[in-house]
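# Inside the fold
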Amino acid sequence: MIRKQIIAGDTFPIIYMHKPNGVLEDLPAGYDYIIGLRPEGSERPMVFSYQDGDIANPETGVYRWECPHELSKTLKGNIIVEMVIYSRDASFVKHSNESVVLEVTPSFMNEELDYE
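Residues numbered from 1 in each chain as written. Predicted model: local features only at pLDDT ≥ 70, side-chain atom pairs only at ≥ 80, totals over all residues. Heavy atoms only, no water.

## So, the layout of surface pockets
Put simply, the rule reads: Note on definitions: the grid is 1 Å and covers protein atoms alone; a cavity is a set of points where a 1.4 Å probe fits but cannot get out; a pocket is an open set with protein on both sides within 12 Å along at least five of seven lines; lining residues have an atom within 4 Å of a point. Grid points are joined across faces, edges and corners, and a volume is the space filled by probe spheres set on the points. Labels follow the DSSP assignment, with helices taken as runs of H or I lasting at least four residues and strands as runs of E lasting at least two, numbered in each case from the N terminus. Polar here means any residue other than Ala, Val, Leu, Ile, Met, Phe, Trp, Tyr, Cys and Pro, which are nonpolar, and Asp, Glu, Lys and Arg, which are charged; Gly is therefore polar.
Of the volumes computed, that of the largest pocket is approximately 250 Å³. If you go around the largest pocket, you meet 15 residues; those closest to its centre are Y16, I85, K94, H95 and S96. Ranked by residues supplied to the lining of the largest pocket, first place goes to strand 7 (residues 77–87) with three residues. Here the residues of the lining of the largest pocket are counted per class, giving eight nonpolar, four polar and three charged.

## Side note on the sheet that holds strand 5 (residues 56–59)
To keep things clear, this is the line we draw: The pairing criterion is simple: DSSP has to find at least two bridges between the two strands. Every angle, taken between N-to-C directions, lies between 0 and 180 degrees, and every axis is a line fitted to C-alpha atoms, over only the stretch in contact when it is a helix.
The strand order across the open sheet built from three strands is 2-6-5, with neighbouring strands paired in antiparallel fashion. Looking at strand neighbours, the two that pair on one side only are strand 2 (12–17) and strand 5, the edges of this open sheet. Recorded for the sheet is a direction-independent mean angle of 35° between the axes of neighbouring strands. In the sheet, strand 5 pairs with strand 6 (residues 62–67) via two bridges, with the strands oriented antiparallel. Bridge pairing links A56 to R64 in strand 6.

## Details of the nonpolar core
Stated precisely, the cut-off is as follows: Each nonpolar core is a collection of buried residues, namely Ala, Val, Leu, Ile, Met, Phe, Trp, Tyr and Cys, held together in the definition by side-chain atoms within 4.5 Å. Whether a residue is buried, partly exposed or exposed follows from its accessible area with a 1.4 Å probe, protein chains only, as a fraction of its type maximum: under 20%, in between, or over 50%, in that order.
In terms of nonpolar packing, the biggest core is built from 22 residues, with I14, Y33, I35, W65 and L102 touching the most fellow members. The set of elements that each furnish at least two residues to this core consists of strand 2, strand 3 (31–39), strand 6, strand 7 and strand 9 (100–105).

## Regarding unusual backbone geometry
Phi is positive for A90, which is not a glycine, with a value near 65°. Considering the arrangement of structural elements, one finds A90 in the loop between strand 7 and strand 8 (93–95).

## Considering a nonpolar patch on the surface
The condition that has to hold: Patch membership requires over 30% relative accessible area and the absence of a salt bridge. Like charges are linked within 9 Å, and nonpolar side chains (Val, Leu, Ile, Met, Phe, Trp, Tyr) within 5 Å. Computed by Shrake-Rupley with a 1.4 Å probe, the accessible areas treat only the displayed protein chains as cover when residues are assessed. In what follows, salt bridge is the name for a side-chain nitrogen of Lys or Arg lying within 4 Å of a carboxyl oxygen of Asp or Glu.
Together, I15, M17 and L24 line one region of the surface with nonpolar side chains, adding up to about 250 Å² of accessible area. Checked against the element boundaries, M17 lands in strand 2.

Right, dumping it as structure tokens:
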């Protein structure tokens, strides 16, 4: 398991590079890439989907989800991050090889930020 420390309120990306044969290429038509964030001990993840427009595809084979400040500042404790690529008919499902655990440090400064 990969562990990464963040401070509640940090914005951060999760980037996936799709290289099925060692070469970057976009997901086939009818496939989706989803990211789930689940607080440790919880049963329901927050899910973000490429097909639903939550995840960008800024260049061939690259998929990027940016955790916004408003979500990040609500995170507490350890958050398990998993990624899955699958075909809509479930004939292909590939889970990430390794989960990521975000170790979230609380921040008292989020309430002091002046932004719109």
